[in-house]
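# Inside the fold
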Amino acid sequence: MKTYFLILFIALFALGCNQVSVEKKVDKKTQNKIIDRYLKKGAWQHHYLTKEWEEWIDKGLKEDSTIAYLWQQKALPYWKQTKYSQAIQFYDKAVQYDRQKWLSRLGFLKCIFAKNYNDALIDLITYKKEFGTTYEQDHSLEFYMALCYLQLNQYDNALVLLKETIGKEEIEHGTTWVHYLDRFYLAITYYELNDYEKAITEFDKVLKEYPTFSDAQYYKSLCLKYIDKYEEAKLLMSKGKLNYENGNSFNEDSSTHETYPYQVTWQWKASKSLLKL
C-alpha cells in the first residue's frame, strides 16, 4: 500500500511539473502576443512623448502586469522628461519580472540620468555579484561604478576600477580598443588626486584619439596650470573653448539628453578665472 501511494505521488508530481512547464510556455506565447498587439502595433505607432504611448502600454499591462518589457517601455518617457522618481518606480517593476535583463540598465540610468550615485552603485554591484559583468552603451559595468565613485569623491575606488578595466581591455583587445572616455575618466581621477603628470599623460592619449575633445582640453589646461605651465595652459583653454563652440564635446548617445560627470558647460568667465586669463 505504501508503495502504491509513493508511485501515485511521484506520478502526480511529474504531471504537475509537466503542466507547469506547459503553462509557462503558453504564458510566454501569450505575452508575446500582448507585446505585439499593444506595443509594436500600438504604442510604437506613436511618439513616446504622446499620451497614446502610455495608454497603449497600460492596456497591455491590464492583460498581463508581469511583462517586464512593457514596464521598461512605460518608464521610457519619464526618463526623457526628467521625472526620475516615476521612471524608477516603473523600472523597478521591469527588474522585478526580469532581473537579469534590466537591473544593470537601471544602475546605468540612475548614474547618468537620475544622478543617484549611491543607489546606482547598489544596483551595479548587486548585478555583478549575481550575474557577472556586462556592458551598457559600449561601457562596462565597472566604468559606471567608477563614475559613481568619482561623483561621491571616492577617488581611490574609482582609480582601482578604471585601471583594472583599461588594463583588462588592453590585454584582451589591444590599446586602440579602449574607449576614449575610459581614459578620460582615468585622467580625471588622477587630476582629482593631484597627480597632474599622470593626468596629462592620459589626457594626451584621449586627445590622440579625439584631437578636438574640448572637455579633455579643458581639464588638461587646468593640469598644466598646476604644474606652472601657464602659457601652454592658456593656449589650450582657448582651443578648447573654440572646439566646444564647434560641437566637439561628449558624443555618447545619452549625452544629448543628460550632462555626463565632469562634462564642461564652458562658462567662459569661470574658465578665464580658473587660469587668471
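For the structure, see preceding data.
Keep in mind that what you see is a predicted model, and the values were worked out from it rather than measured. All residue numbers refer to position in the chain's written sequence, counted from 1. Only residues with pLDDT of 70 or above have their local features reported here, since the model is predicted, and side-chain atom pairs are shown and tallied only from 80 upward, although totals for entire chains, interfaces and linings are computed over all residues. The basis for the side-chain values is all heavy atoms of the structure; hydrogens and waters are excluded.

## Digging into the overall build of the chain
The criterion, for reference: Secondary structure elements are defined from DSSP: runs of H or I of at least 4 residues count as helices, runs of E of at least 2 residues count as strands, and each element is numbered from the N terminus. The buried label applies to any residue whose accessible area, calculated with a 1.4 Å probe on protein chains only, is under 20% of its type's maximum; exposed applies above 50%, and partly exposed to all values in between. Residue contacts follow a heavy-atom distance rule, with two residues in contact if any of their heavy atoms lie within 4.5 Å. Values of accessible area rely on a 1.4 Å probe in the Shrake-Rupley scheme; residue burial ignores everything except the protein chains shown.
In terms of helices and strands, the chain carries 13 helices and 2 strands. Across the 277 residues that make up the chain, the buried fraction comes to 45%. Nonlocal contacts in the chain, meaning residues at least 24 apart in sequence, comprise 56% of its contacts between residues at least 6 apart. When the accessible area of the chain is evaluated, it comes to approximately 15300 Å², of which 52% is carbon and sulfur surface.

## Let's talk about the pattern of salt bridges
Keep this limit in mind: A carboxyl oxygen of Asp or Glu within 4 Å of a side-chain nitrogen of Lys or Arg is what we treat as a salt bridge.
All chains considered together, the criterion is met by 16 salt bridges. In this structure, Glu 136 and Arg 105 form a salt bridge, with 3.1 Å as the shortest nitrogen-oxygen distance. Taken together, the residues span a long stretch of sequence, with Glu 136 in strand β1 (residues 135–136) and Arg 105 in helix α5 (residues 99–114) at a distance of 31 residues. Exposure remark for Glu 136: the relative accessible area of 10% places this residue in the buried category. Under the relative-accessibility criterion, Arg 105 is labelled partly exposed at 23%. A salt bridge links Lys 115 to Glu 258; its shortest N-O distance comes to 2.8 Å. Here Lys 115, found in the loop between α5 and α6 (117–131), pairs with Glu 258, found in the loop between α12 (230–245) and α13 (268–275); they are 143 residues apart in sequence, far enough to count as distant. On the basis of relative accessibility, which here comes to 11%, the residue Glu 258 falls in the buried class. Here the salt bridges do not stand alone but share partners, grouping Glu 170, Arg 183, Glu 202 and Lys 205 into one network.

## So, the packing of aromatic side chains
Put simply, the test is: Pairing of aromatic side chains requires ring centres within 6.5 Å, counting the rings of Phe and Tyr and the six-membered ring of Trp. Pairs whose planes differ by under 30 degrees are stacked, by over 60 edge-to-face, and all others tilted. Charges are assigned to positions over rings by a cutoff of 6 Å between ring centre and Lys NZ or Arg CZ, combined with an angular limit of 35 degrees from the ring normal.
Under the counting rule described, the total for this entry stands at 31 aromatic pairs. Between the aromatic rings of Phe 143 and Tyr 144, the centroid separation amounts to 5.0 Å while the plane-to-plane angle is 85°, which identifies the pairing as edge-to-face. With a relative accessible area of 0%, Phe 143 lands in the buried category. Its guanidinium or amino end placed over the ring of Trp 56, Lys 59 lies 4.3 Å from that ring's centre, counting from NZ or CZ.

## A closer look at the environment of Tyr 260
Note on placement: Tyr 260 falls in the loop between α12 and α13. Given a relative accessible area of 2%, Tyr 260 falls into the buried group. When the C-alpha atoms of Tyr 260 and Phe 250 are compared, they prove to be 8.0 Å apart, with 10 residues separating the residues in sequence. What Tyr 260 contacts, discounting residues up to four positions off in sequence, is Phe 108, Ile 112, Tyr 185, Phe 250, Glu 252, Ser 254 and Ser 255.

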